[in-house]
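Architecture and fold: a report
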Amino acid sequence: MTRVDAVGDGIYRIGTWWPEYGITVNQFLIDDDRPTLVHTGTFQSYEAVRKAVAQVLDPRRLAYVVVPHFEADECGGMGRFVAEAPEAVLVCSEVGAGINLSGWDYRGPVKGVRDGHVIETGRRRLRFLETPHVHHWDSMMVYEETTGSLFPADLFIQPGEQPAVVSEDLGREMCTLYREVGIFGGDKPVLQTVDRLERLAPHWVHPMHGGSMTGQTLGRYIHALRTQPFAYEGKVFGRMLPT
Ligand SMILES: [Fe+2]
Ligand SMILES: [Fe+2]
């Protein structure tokens, strides 16, 4: 069920199909002097994700576990990944460290980052972009500067069991999914971030659900977000709430 694909120079996508939600859940492993895992998967999927990481490198070597926002599929395995790796530090936004992590039972080291902060992992440079309210208050994204690789978490996701790399335009399906599930409270913070990401012009984009895409394919998804409704319309997982 969990597969590992190289999606860049030293960048691996660990993908698992979740039929109950109709999406894949992906983690990304950056193999470098100080190896980095971006998203951990849920608490329950820890063993499967750990096994997948071990196909590439010893999980005890992990130096950074990056959590772009605190939600179970992004962070459920964080405690065990950090506990197993003596050098590992959990990296999240400074907002996330304050409003979420500091009040939970997480005991490991943590680094809260602000927009523009950079972590060098050896050959690679991870720059953080704060993107509040692009899904959650504490949301951030990661941009690996040397390969031009963006890790946008839940932005640009595609429903369905997608291959490791997608070139298809699933922008309409993406917007429909966002409206039905209700993950974006409003469109303004998302569209501001989309403008910023367009200027950033990443070579590769690695969404957390679906397949990775080139910067060229990204243009179609940006167009969909600019031309189709995607923000909350009263529905949560397809269930209309009273107004
Ligand atoms: Fe999320
Ligand atoms: Fe997610």
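To be clear, the structure that these remarks concern was listed above.
Here's a quick rundown of the structure. Computed from a predicted structure; not experimentally measured.

As for the coordination of the iron ion (ligand 1)
Protein coordination at the iron ion (ligand 1): the donors are His69 (NE2), Glu71 (OE), Glu74 (OE), His135 (NE2) and Asp154 (OD), at 1.9 to 2.6 Å from the metal. Sequence spacing among the residues donating to the iron ion (ligand 1) works out to H-x1-E-x2-E-x60-H-x18-D. The metal-metal distance between the iron ion (ligand 1) and the iron ion (ligand 2) is 3.4 Å, with Glu74 serving as a donor to both. Here His135 is found in the loop between strand E9 (125-130) and strand E10 (140-144), whereas its partner Asp154 is found in the loop between strand E11 (149-151) and helix H5 (171-181), with 19 residues between them in sequence. By the burial criterion, His135 is buried, and Asp154 matches it.

Quick word on the sheet that holds strand E8 (residues 118-120)
Strand order in the open sheet formed by 6 strands is E8-E9-E10-E11-E12-E13, with mixed pairing between adjacent strands. The sheet terminates laterally at E8 and strand E13 (213-214), the two strands that pair on one side only. Relative to strand E12 (residues 204-205), E11 runs parallel, the two sharing 2 bridges. Bridging from a neighbouring strand, Ser149 pairs with Trp204 of E12. Sitting on the sheet, helix H6 (residues 188-200) touches E9, E10 and E11, and the angle it makes with E9 is about 155°.

Digging into the packing of aromatic side chains
In the structure shown here, the tally under the stated rule is 7 aromatic pairs. When the ring of Tyr46 is compared with that of Phe81, the centres are 4.8 Å apart and the planes differ by 65°; the resulting orientation is edge-to-face. Separated by 35 residues along the polypeptide, Tyr46 in helix H1 (residues 46-54) and Phe81 in helix H3 (residues 78-84) bring together distant segments of the chain. A relative accessible area of 6% places Tyr46 in the buried class. Arranged with centres 5.4 Å apart and planes meeting at 90°, the rings of Phe70 and Trp104 form a pair that is edge-to-face. Of this pair, Phe70 sits in the loop between strand E5 (64-66) and helix H2 (72-75) while Trp104 sits in the loop between helix H4 (94-99) and strand E7 (110-113), and the two are 34 residues apart along the sequence. Judged by relative accessible area, Phe70 falls into the buried class, the value being 9%. By relative accessible area, Trp104 is classed as partly exposed at 40%.

Some details on H5
Taken together, the buried positions of H5 are occupied by Gly171, Met174, Cys175, Leu177, Tyr178, Arg179 and Val181. Residues of H5 that are buried make contact with helix H7 (215-227) and strand E14 (235-236). In the segment just after H5, Gly182 is the residue with positive phi, at about 80°.

The rules we used
- Residues numbered from 1 in each chain as written.
- Chains lettered and ligands numbered in written order.
- Predicted model: local features only at pLDDT ≥ 70, side-chain atom pairs only at ≥ 80, totals over all residues.
- Heavy atoms only, no water.
- Donors = N, O, S within 2.8 Å, 3.2 Å for Na, K, Ca; no water.
- Helix = DSSP H or I, 4+ residues; strand = E, 2+ residues; numbered from the N terminus.
- Buried < 20%, exposed > 50% of the residue type's maximum accessible area, 1.4 Å probe, protein only.
- Pairing = 2+ DSSP bridges.
- Contact = heavy atoms within 4.5 Å.
- Axes fitted to C-alpha atoms, helices over the stretch in contact; angles between N-to-C directions.
- Phe/Tyr/Trp six-rings, centres within 6.5 Å; stacked < 30°, edge-to-face > 60°.

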